[in-house]
Amino acid sequence: DIQMTQSPASLSASLGETVTIECRASEDIYNGLAWYQQKPGKSPQLLIYNANSLHTGVPSRFSGSGSGTQYSLKINSLQSEDVASYFCQQYYNYPPTFGGGTKLELK
Amino acid sequence: EVQLQESGPGLVKPSQSLSLTCSVTGYSITSNYWGWIRKFPGNKMEWMGYISYSGSTSYNPSLKSRISITRDTSKNQFFLQLNSVTTEDTATYYCARSPYSGDRYFDYWGQGVMVTVSS
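Residues numbered from 1 in each chain as written. Chains lettered and ligands numbered in written order. Predicted model: local features only at pLDDT ≥ 70, side-chain atom pairs only at ≥ 80, totals over all residues. Heavy atoms only, no water.

**Topic: the overall build of chain A**
Consideration 1: Looking only at helices and strands, one finds zero helices and 11 strands in chain A.
Consideration 2: Its C-alpha atoms give chain A a radius of gyration of 13 Å, within 12% of the compact-globule value 13 Å for 107 residues.
Consideration 3: Reported as C-alpha extents along the three principal axes, the dimensions of chain A are approximately 35 × 25 × 25 Å.
Consideration 4: Relative to all contacts within chain A whose residues are 6 or more apart in sequence, the contacts with residues 24 or more apart total 58%. (Helix = DSSP H or I, 4+ residues; strand = E, 2+ residues; numbered from the N terminus. Rg over C-alpha atoms; globule rule 2.2 N^0.38 Å. Contact = heavy atoms within 4.5 Å.)

Pasting the structure below:
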């Protein structure tokens, strides 16, 4: 199975700040990567698929980038409603596997 | 709007079977792919398997022969059965939809149901 290493595990940032979360795959996943947001007690919400495609209805302050084994999620101008956990998932290889998650808090 | 809702017992005894239902509204399960994912205490997530629009299934090899995913198209529901559970199967279980393209990411999720395996 492809291992997904996500960093940092937790992050504290101020409103308006730009935040970046990284995911590293144990082998090339050819942009088969999704990012999700999960708030406490809520279901995960798809943010990004195909590494850089914004899912319908997701604010444009969210963006994804990367290639090969290295991918990142960027949140521009952090808003209070962005406080959540974020996790990545590769689906290029079978079985799909997930990163360990990043908990984002306000400073 | 596509909505998924998991249901089932919150407590299962070791060695017994875990059975969950995912009820889907706003979209037919005869389209797309429909999967089960679980999140363990400590936040590790595991894809368990899916059932396709045609009824074919695919499972995570880690679950070997313990897992079965079936469906009832008349009720627009699909089901998870996990046999011979142990305390390591304690997790929050989610059902989710994957797009018709076949890419195994998940564009709609249920709220999740917490299942504890304990005697």
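Here the narrative resumes, following the displayed structure.
**Some remarks on the sheet that holds strand E1 (residues 4–7) of chain A**
Residue and element names in this part refer to chain A.
Consideration 1: Here we have four strands laid out as an open sheet, ordered E1-E3-E8-E7, and antiparallel in their pairing. Two strands close off the open sheet at either side, each with one partner strand: E1 and strand E7 (62–67). With direction set aside, neighbouring strand axes in the sheet form an average angle of 15 degrees.
Consideration 2: Here E7 pairs with strand E8 (residues 70–75) via six bridges, running antiparallel. In the strand pairing of E8, Gly-66 is matched with Tyr-71. (Pairing = 2+ DSSP bridges. Axes fitted to C-alpha atoms, helices over the stretch in contact; angles between N-to-C directions.)

**Side note on the side chain of B:Asp89**
Residue and element names in this part refer to chain B.
Consideration 1: By the secondary structure assignment, Asp-89 is in the loop between strand E8 (77–82) and strand E9 (91–98).
Consideration 2: Residue classification places Asp-89 among the buried positions, given a relative accessible area of 2%.
Consideration 3: A polar contact of 2.8 Å, which involves the side chain of Asp-89, links it to the side chain of Arg-38.
Consideration 4: Each residue touching Asp-89, except ones within four places of it in the same chain, is listed here: Arg-38, Arg-66, Leu-82, Ser-84, Val-115 and Val-117. (Buried < 20%, exposed > 50% of the residue type's maximum accessible area, 1.4 Å probe, protein only. Polar contact = N/O pair within 3.5 Å; in protein donor to acceptor, adjacent residues only side chain to side chain.)

**Quick look at the packing of aromatic side chains**
Consideration 1: This model, assessed by the stated rule, comprises 18 aromatic pairs over all chains.
Consideration 2: Look at A:Tyr49 and B:Tyr105: their rings are 5.0 Å apart centre to centre, the planes differ by 20 degrees, and that puts the pair in the stacked class. With A:Tyr49 in strand E5 (residues 45–49) and B:Tyr105 in the loop between E9 and strand E10 (108–109), the pair connects residues from two separate chains.
Consideration 3: On the basis of an interplanar angle of 45 degrees and a centroid distance of 6.1 Å, the ring pair of B:Trp47 and B:Tyr50 is categorised as tilted. Just as B:Trp47 is buried, B:Tyr50 falls in that class too.
Consideration 4: Among the aromatic residues, ring-to-ring pairing joins A:Tyr36, A:Phe87, A:Phe98, B:Tyr94, B:Phe106 and B:Trp109 into one connected group.
Consideration 5: Positioned above the aromatic ring of B:Tyr27 is the side chain of B:Arg97, whose terminal nitrogen or guanidinium carbon lies 4.4 Å from the ring centre. (Phe/Tyr/Trp six-rings, centres within 6.5 Å; stacked < 30°, edge-to-face > 60°. Lys NZ or Arg CZ within 6 Å of the ring centre and 35° of its normal.)

**Describing the pairing of strand E3 (residues 19–25) of chain A**
Residues and elements named next belong to chain A.
Consideration 1: Covered by surrounding structure in E3 are Val-19, Ile-21, Cys-23 and Ala-25 only, the residues Thr-20, Glu-22 and Arg-24 on the alternate face being uncovered.
Consideration 2: Of the strand pairs in this sheet, E1 and E3 are connected by four bridges, and their pairing is antiparallel. Its bridge partner being in E3, Ser-7 is matched across the sheet by Glu-22.
Consideration 3: Inspection of the sheet shows E3 paired to E8 by six bridges, in the antiparallel sense. Paired with Cys-23 across the two strands is Tyr-71, which belongs to E8.

**Considerations on the environment of A:Leu15**
Residue and element names in this part refer to chain A.
Consideration 1: By secondary structure assignment, the location of Leu-15 is in the loop between strand E2 (10–13) and E3.
Consideration 2: It is 27 Å that separates the C-alpha atoms of Leu-15 and Gln-89, two residues lying 74 residues apart in sequence.
Consideration 3: Excluding anything up to four places from it in sequence, Leu-15 contacts Leu-78, Gln-79, Ser-80 and Leu-106.

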